[in-house]
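# Breakdown of the fold
Spelled out from the first residue to the last, the chains are:
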Amino acid sequence: KASHKALNRRSVVEKRLLLALDQRNLDVYYQPLIDTASKKVIAMEALVRWHDEEIGTVTPDELIPIAEETGLISEIGMFMLEKACLQAVEWHTQGHDLKVSINSSIREFRGKNVAKTMLEIIERTGCPTTSIHLEITEKFALEAESETSIMAQMRTLEQAGISFILDDFGTGYSSLRYLSQLPIHTVKIDQSFIRDLTQDNQSIIKTIIQLAHAMNLSVVAEGVETEEQEQFLVENLCHELQGYLYSRPMPLNTFQQFLDNHPQQKTI
C-alpha cells in the first residue's frame, strides 16, 4: 500500500515537474558565501526550490532524485544556469562583482553537448564565464574520472573560464587523484565536519585546508552556524564560509536586500 502510494506520488511529481519546467515555474534561492579575509559577500550558491500549486512544496531531497532518474535534471540544470547568469549580470550592473555557483549532475554531463549548451547559455546572457562555478559531488568525480567524454567536456568548460568546485569533500569517495586529474579549483568541506568540532573533525578540517593550500585550491566551509566554528575556520585560513550564521538560502528579493545591507566586493 505504502509503495503504491509512493509510486503514485512519484508519477504526479514527475507530471507536475514537466509542466513547471515548461512554464518556468521553478524558483531560484541564493545563499551567500563570505570571504574570510574581507568579511565581504563574494559569491552565492544558486539552489532550486519548487512550490507547486497542486502538490505544494517539493523539497530538493525529493525533487533531485526524481529529476535524476527521469533525465529532467538536465533541463533543471540549464534553467538554473540561465537564471543564475542573468542574475550575475544584473548584480554586476549594480556594482556587485559576485560569482555564482550551480550544482551539476553527472546525468547532465552524459549528454554529448552539455559543454556546448552551457557555453551558449552563458554567451546569450552576456555573463562572463569566470563568474560561473559548477559544483560537483565526489560521486560525479568518481564517474567523470573513468569516462573520457565527461572529462573532455569539463576541460572544455574550464578552458572557457568556468571553475569547478568539489562539493561535500571528505565524505564519500575522497580520492586525492581527482584533485590532480579533474579541473577542480575549489574544495568544499562537508558540513558534517563543521557541525561537530570534535578533536578528530578539527584535525580533518585542518588537513583538508592544508591540502587545498598545498595544491593551490580554494577552500570553502559550508554549514557554518556558530561564531566558534567561524573563528576556528578563520584561524585555520579557510578562504570562504557559507552557512546559517550568515544566512539561509533566500528568494531573490530577500537576497537583494541582504546584498544592499552587506558590504560586497565592488567592481573596480
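Above: the structure in question.
Owing to the predicted nature of the structure, the values given are computational and were not obtained by experimental measurement.

Bridge count between strand E2 (residues 41–52) and strand E4 (residues 99–103): four bridges; the pairing is parallel. Following the sheet pairing, Met44 is matched in E4 by Val100. As judged from the four bridges shared by E4 and strand E5 (residues 132–136), these two strands associate in the parallel manner. Of the residues in E5, the one forming a bridge with Ile102 is Leu134.

One can find Val41 in strand E2. A relative accessible area of 1% places Val41 in the buried class.

The subject of this paragraph is helix H2 (residues 60–70). Those residues of H2 not exposed but buried are Leu63, Ile66 and Ala67. When H2 is viewed along its axis, its buried side chains cluster within an angular range of 100° and face the same direction. Summarising the geometry of H2, the exposed residues directed more than 90 degrees from the buried face are Asp61 and Glu69. Two residues or fewer after H2 comes Gly71, characterised by a positive phi angle close to 85°.

Moving on, we come to the side chain of Gln256. Positionally, Gln256 belongs in helix H12 (residues 252–261). Ignoring anything within four residues of it in the chain, the contact list for Gln256 reads Trp91, Gln94 and His96.

Evaluated as defined, the whole model comprises 15 salt bridges. Among the ionic pairs, Glu82 bridges to Arg124, the shortest N-O distance being 3.7 Å. Separated by 42 residues along the polypeptide, Glu82 in helix H3 (residues 73–93) and Arg124 in helix H5 (residues 114–125) bring together distant segments of the chain. Arg124 sits in the exposed class, given a relative accessible area of 56%. For Glu158, the salt bridge identified is with Arg155, shortest N-O distance 3.5 Å.

With that out of the way, let us pick up the packing of aromatic side chains. Under the counting rule described, the total for this entry stands at six aromatic pairs. Ring centres of Trp91 and Phe255 lie 5.1 Å apart, and the angle between their planes is 50°; this geometry places the pair in the tilted category. One end of the pair, Trp91, is in helix H3; the other, Phe255, is in helix H12, and 164 residues separate them in sequence. Here Trp91 and Phe255 have matching classes, each one buried. Through successive ring pairs, a cluster of aromatic residues spans Tyr30, Trp91, Phe255 and Phe258. Over the face of the ring belonging to Tyr29 we find Arg49, whose NZ or CZ atom lies 5.8 Å from the ring centre. It is Arg248 that lies over the ring of Tyr244; its NZ or CZ is 3.9 Å from the centre.

Attention now moves to the packing of helix H6 (residues 138–146) against helix H7 (residues 148–160). One can describe the packing of H6 onto H7 by two numbers: an axis separation of 5 Å at closest approach and a directional angle of 110°. Judged on the interaxial angle alone, H7 and H6 are roughly perpendicular. For the pair H6 and H7, contact is made by Phe140, Ala144, Glu145 and Ser146 and by Thr148, Ile150, Met151 and Met154, respectively. Of the residues that constitute the contact of H6 with H7, the class distribution is five nonpolar, two polar and one charged.

Turning next to H3. An α-helical turn contains 3.6 residues, so a residue and the one three or four places further along point in the same direction. Helix length check: H3 (21 residues) gives 30 Å between terminal C-alpha atoms against 30 Å at 1.5 Å per residue, within 8%. Count one or two residues on from H3 and you reach Gly95, which has phi positive near 95°.

What follows deals with unusual backbone geometry. A positive phi angle, near 60°, is found at Lys39, a position not held by glycine. Tracing the chain through its elements places Lys39 in the loop between strand E1 (27–35) and E2. For Lys39, a relative accessible area of 43% translates into the label partly exposed. In this structure, Asn216 is a non-glycine residue whose phi angle is positive, near 60°. Position of Asn216 among the secondary structure elements: in the loop between helix H10 (199–214) and strand E8 (218–222).

With respect to the secondary-structure elements, Gln94 resides in the loop between H3 and E4. By relative accessible area, which is 33% here, Gln94 ends up partly exposed. In terms of polar contacts, Gln94 uses its side chain to reach the side chain of Glu90, at 3.2 Å.

Conventions adopted
Residues numbered from 1 in each chain as written. Predicted model: local features only at pLDDT ≥ 70, side-chain atom pairs only at ≥ 80, totals over all residues. Heavy atoms only, no water. Pairing = 2+ DSSP bridges. Helix = DSSP H or I, 4+ residues; strand = E, 2+ residues; numbered from the N terminus. Buried < 20%, exposed > 50% of the residue type's maximum accessible area, 1.4 Å probe, protein only. Arc of directions from axis to C-beta. Contact = heavy atoms within 4.5 Å. Salt bridge = Lys/Arg side-chain N within 4 Å of Asp/Glu carboxyl O. Phe/Tyr/Trp six-rings, centres within 6.5 Å; stacked < 30°, edge-to-face > 60°. Lys NZ or Arg CZ within 6 Å of the ring centre and 35° of its normal. Axes fitted to C-alpha atoms, helices over the stretch in contact; angles between N-to-C directions. Parallel < 35°, antiparallel > 145°, perpendicular 65-115°, else oblique. Nonpolar A, V, L, I, M, F, W, Y, C, P; charged D, E, K, R; others polar. Expected span 1.5 Å × (residues − 1). Polar contact = N/O pair within 3.5 Å; in protein donor to acceptor, adjacent residues only side chain to side chain.

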